[in-house]
Amino acid sequence: MTRLPPRRISPRALTAGAVTFTVFAWASAFVSIRSAGAAYSPGALALGRLLAGSVVLAALLLIRRQGLPPRRAWRGILVSGVVWFCGYTVALNWGERLVDAGTASLLVNTGPILMALLAARLLGEALAPRLLSGMAVSFVGAVVVGVSMSSGGNASTSVLGVALCLLAAVAYATGVVAQKPALSFGTPLQITAYSCMTGAVACLPFAGQLVTELSRAPISATLNMVYLGVVPTALAFIAWTYALARTPAGKLGATTYAVPAIVVLLSWALLGEVPGWLTLLGGVLCLAGVAVSRYRPHPAEPATVTPAPSGPDRPAGGTRAEA
């Protein structure tokens, strides 16, 4: 009996798997931050996460034999490392101490709108009218979330949490826009790894807190911190890069719309947290604004040229659109 050769996984299936892994990994990060944040302060948790991610990324750099990126990439690496990997992580960790994981994910996912706005200002990309419309819708959504949170027991604390999550979205958008030009000079692994290491260095002032809290924290919180560095930070970025190389950016970016829904389900199942209906409504408006800003109309079908009759009976125009 002849043995059949082993079936190879198709590139399309591998890409779909990479996208699915990334979305679930990034969604789980919100839940892990909420859980680990009970034992670790925002800065200490950010430093521990970035150190764990840096170890994994440094190992991958050695395995792939990729050294330092070119000099022209370092400006983007330094800005994204300080603003995105450090600033975003600290702001989100702090925000999630004050609001639930689902609300935080809904607010942070306004990032693509801010990203497009910054890209228009700093990179010269076109500022489409739909971007302004999307910003207006998302702004209304953020206001609704803020109003819903302010109706709780500690209004000032909840509003501060909303503001910190929006600040995290600004840091996320700024870091991505700063990192984009660097990708023209270095590999995605180099840019991600050295941005993560830069963020870890920027978080070193929290080293004393991390050492103190590490000795007191339960093992579950420490494992969550390590998980945040290894899976959502290191492995998910690698999977995202793999998918981005094989999928149009706009189509791939739309998959992140699923993150808040997954976060709400995970936080309900694992933490017993469910945002209120008004908070969810505001979050849906935030995502609707992102969808409006990222919408790309399908190009019209090319007209099919039909043979035109010769002579005076030739109709005006030589083409017609097929139904």
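Conventions we followed
Residues numbered from 1 in each chain as written. Predicted model: local features only at pLDDT ≥ 70, side-chain atom pairs only at ≥ 80, totals over all residues. Heavy atoms only, no water. Axes fitted to C-alpha atoms, helices over the stretch in contact; angles between N-to-C directions. Helix = DSSP H or I, 4+ residues; strand = E, 2+ residues; numbered from the N terminus. Parallel < 35°, antiparallel > 145°, perpendicular 65-115°, else oblique. Left-handed = near helix turned anticlockwise from the far one by under 90°. Contact = heavy atoms within 4.5 Å. Nonpolar A, V, L, I, M, F, W, Y, C, P; charged D, E, K, R; others polar. Disulfide = S-S within 2.5 Å. Buried < 20%, exposed > 50% of the residue type's maximum accessible area, 1.4 Å probe, protein only. Core = buried A, V, L, I, M, F, W, Y, C linked by side-chain atoms within 4.5 Å. Polar contact = N/O pair within 3.5 Å; in protein donor to acceptor, adjacent residues only side chain to side chain. pLDDT = per-residue confidence, 0-100.

Colleague: Looking at this model, I keep getting lost on the packing of helix H1 (residues 11–36) against helix H4 (residues 101–108). Mind explaining?
Modeller: Between two packed helices, both the angle of their axes relative to each other and the distance between the axes serve to describe the pair. Running from N to C, H1 and H4 cross one another at 130°; their axes reach a closest spacing of 9 Å. Classified by the interaxial angle, the pair formed by H1 and H4 is oblique. At the point where H1 passes H4, the crossing takes the right-handed sense. Contact residues: Phe-30, Val-31 and Arg-34 in H1; Ala-101, Ala-104, Ser-105 and Val-108 in H4. Of the residues assigned to the contact of H1 with H4, the class counts are 5 nonpolar, 1 polar and 1 charged.

Colleague: I tried to follow the state of the cysteines on my own but got confused; where do I start?
Modeller: In a disulfide, the sulfur atoms of two cysteines are covalently bonded to one another. Using the criterion set out here, one finds 0 disulfides in the structure. Sulfur of Cys-86: no disulfide; nearest cysteine sulfur belongs to Cys-203 and is 3.3 Å away. You can call Cys-86 buried: its relative accessible area is 11%.

Colleague: Looking at this structure, how should I read the nonpolar core?
Modeller: In summary, soluble globular proteins display a tendency toward joint burial of nonpolar side chains. Counting residues in hydrophobic clusters, the biggest one holds 59 residues, and the most contacted among them are Phe-30, Tyr-40, Leu-45, Tyr-88, Leu-92, Val-108 and Cys-203. Only H1, helix H2 (42–64), helix H3 (74–95), H4, helix H7 (155–182), helix H8 (188–202), helix H10 (219–244) and helix H12 (258–270) provide two or more residues apiece to this core. In this view, Tyr-40 contacts Leu-45, Arg-97, Leu-210, Glu-213, Leu-214, Ala-217, Ala-221, Thr-222 and Met-225; residues no more than four positions away in its chain are not counted.

Colleague: Help me out: how do you make sense of the side chain of Ser-80 in this one?
Modeller: Structurally, Ser-80 is set in helix H3. For Ser-80, the contacting residues outside a window of four places in its chain are Phe-85, Gly-175, Ala-178, Gln-179 and Ser-195.

Colleague: Looking at this structure, how should I read the environment of Thr-212?
Modeller: Mapped onto the secondary structure, Thr-212 falls in helix H9 (residues 207–214). By relative accessible area, Thr-212 is classed as partly exposed at 34%. For the pair Thr-212 and Tyr-40, spaced 172 residues apart in sequence, the C-alpha to C-alpha distance is 9.6 Å. Among the polar contacts listed, one links the side chain of Thr-212 to the backbone oxygen of Gly-208, at a separation of 3.0 Å.

Colleague: Got a minute to help me understand the environment of Gly-186 in this structure?
Modeller: Its location among the elements puts Gly-186 in the loop between H7 and H8. Residue class for Gly-186 comes out buried when judged on its relative accessible area of 9%. Those residues in contact with Gly-186 that sit more than four places away from it in its chain are Pro-70, Ala-73 and Ile-191.

Colleague: What am I meant to see in the confidence of the model for the protein here?
Modeller: Low-pLDDT portions of the prediction should not be read for the details of their coordinates. Model confidence for the protein is summarised by a mean pLDDT of 78, while 72% of its residues fall at 70 or above. Mean pLDDT values for the elements of the protein range from 33 in strand S2 (residues 319–320) up to 96 in H9. Below pLDDT 50 for its whole length, residues 303–323 participates in 13 contacts with residues either more than four positions away or in separate chains.

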